[in-house]
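Structure at a glance
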Amino acid sequence: MNVKKSLLEQTEWDYLTQHLRLTSTVSDDKARSISAADLLDEEKSGPYLDRLASVYQSPARMVTASLFAKRYAAMLVSSGLYAMTMYDKGLNLSIANCHLESTIIDERWMPNVRLSDVWVTEPAGGDRKAWRDQVLRLIFGDHLGAVWRSISKAAKIPRTILWENTAIYVYVLYESRMAEEADEGRRLQVQEDLAYLTAGAPAELFGEKHNPLAKYYGPKCMVEGVAKPVRPRKTCCFYYQVDEDEDYCSSCPKRR
């Protein structure tokens, strides 16, 4: 495959660090920071989830794992897919290159991902589709898929929940942020990449038997008690177990 290595422009780096969870700062909070590689070790990932229980006021490791998966997926897909679609640049989001750095903002746990190697890849010779597959395999199959398998075992939580937690961030990223920010020349790319992710991308890019982003990409509909159309979830993320009102999310299947 014909690709070239380059660096992000300063404006691109600034956007990703200010809005999409990248950082160059090493956190002082060592207990709640972790390398991506350590998440693959059940003897490390399980105790790490237990250390996060107080962050969420979580009653069980399974609940902590689901809520953590939302944060972790948001970091990787937001920065990685935004750079791919909006800049035509592929971040090095390999397991070995990523570190989760703990940060507390307004009493909320808002971690960021730090990259050891900040070089990016770009498609060369007009072969964007093959390059895109490489970027997606790195984010999903090689990284998130591997982490989800480890956490699924450590917390005894179905991978379907972890993948749907991932999917909702992909949908929001493309349907809201990118759709609103893309200029006319980039809008078609946003639509094409979303269509590929939710329909055309082969399961092998995700390390699964089926494309998990396609599985959960159903139509939005009106739900009783909710003002706007929502895309109903197929799995429950357990947020109601840490919500003060003990209420289900607007898209939760238990709500129905």
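Details of the structure are given in the entry above.
The following refers to the structure shown. Just so you know, these numbers come straight off a predicted model, no measurement behind them. (Residues numbered from 1 in each chain as written. Predicted model: local features only at pLDDT ≥ 70, side-chain atom pairs only at ≥ 80, totals over all residues. Heavy atoms only, no water.)

Moving on: the overall build of the chain. Of the regular secondary structure elements, the chain holds 7 helices and 9 strands. For 256 residues, the compact-globule formula gives about 18 Å, and the C-alpha radius of gyration of the chain, at 18 Å, lands near that figure. Taken over the C-alpha atoms alone, the chain extends approximately 55 × 45 × 35 Å along its principal axes. Going through the 256 residues of the chain one by one, you find that 53% of them count as buried. Long-range pairs, those at least 24 residues apart, make up 67% of the contacts in the chain between residues at least 6 apart in sequence. Where the 34 positive side-chain charges of the chain centre and where its 35 negative ones centre are 5 Å apart. (Helix = DSSP H or I, 4+ residues; strand = E, 2+ residues; numbered from the N terminus. Rg over C-alpha atoms; globule rule 2.2 N^0.38 Å. Buried < 20%, exposed > 50% of the residue type's maximum accessible area, 1.4 Å probe, protein only. Contact = heavy atoms within 4.5 Å. Lys, Arg positive; Asp, Glu negative; His and termini not counted. Charge placed at Lys NZ, Arg CZ, Asp CG, Glu CD.)

Side chains N112 and R114 of strand β8 (residues 112-115) all project onto a buried face; the interleaved residues V113 and L115 project onto the opposite face, where all are buried too. Here strand β2 (residues 22-23) runs beside β8; their pairing, made up of 2 bridges, is parallel. Counterpart to T23 in the pairing with β8 is R114. (Pairing = 2+ DSSP bridges.)

The subject of this paragraph is the nonpolar core. If you look at the biggest cluster of nonpolar residues, it comprises 72 residues, and the most contacted ones within it are L16, F68, Y72, L81, F140, W148 and Y174. With 16 residues, helix α3 (residues 61-87) is the largest single contributor of residues to this core. If sequence neighbours within four positions are ignored, F68 has contacts with L39, Y48, L49, L52, Y56, L100, W109 and I151. (Core = buried A, V, L, I, M, F, W, Y, C linked by side-chain atoms within 4.5 Å.)

Among the residues of helix α1 (residues 10-19), E12, Y15 and L16 are the ones counted as buried. Angular distribution of buried residues about the axis of α1 spans 90°; they occupy a single face of the element. α1 presents Q10, T11 and Q18 as exposed residues on the side facing more than 90 degrees away from its buried surface. At its buried positions, α1 is contacted by β2, α3, β4 (90-91) and α5 (159-181). (Arc of directions from axis to C-beta.)

Moving on to the pattern of salt bridges. Where charged atoms of side chains with opposite charge meet at close range, the side chains can pair. The final tally for this structure, using the stated rule, is 15 salt bridges. The partner of R137 in a salt bridge is E204, with the nearest N and O atoms 3.9 Å apart. Here R137, found in helix α4 (residues 128-155), pairs with E204, found in the loop between α6 (184-200) and α7 (212-215); they are 67 residues apart in sequence, far enough to count as distant. Overlapping salt bridges bring together D88, R128, R132, R186 and D193 as one network. (Salt bridge = Lys/Arg side-chain N within 4 Å of Asp/Glu carboxyl O.)

Enumeration according to the criterion identifies 12 aromatic pairs in this entry. An angle of 80° between the planes, with centres 5.6 Å apart, marks the rings of Y82 and Y87 as edge-to-face. The exposure class assigned to Y82 is buried, which follows from its relative accessible area of 4%. Exposure remark for Y87: the relative accessible area of 17% places this residue in the buried category. Judged by centre distance (4.9 Å) and plane angle (70°), the ring pair of Y240 and Y248 falls under edge-to-face. Put simply, the rings of Y48, Y56, F68, Y72, W109 and W148 touch in pairs and so form one group of aromatic residues. (Phe/Tyr/Trp six-rings, centres within 6.5 Å; stacked < 30°, edge-to-face > 60°.)

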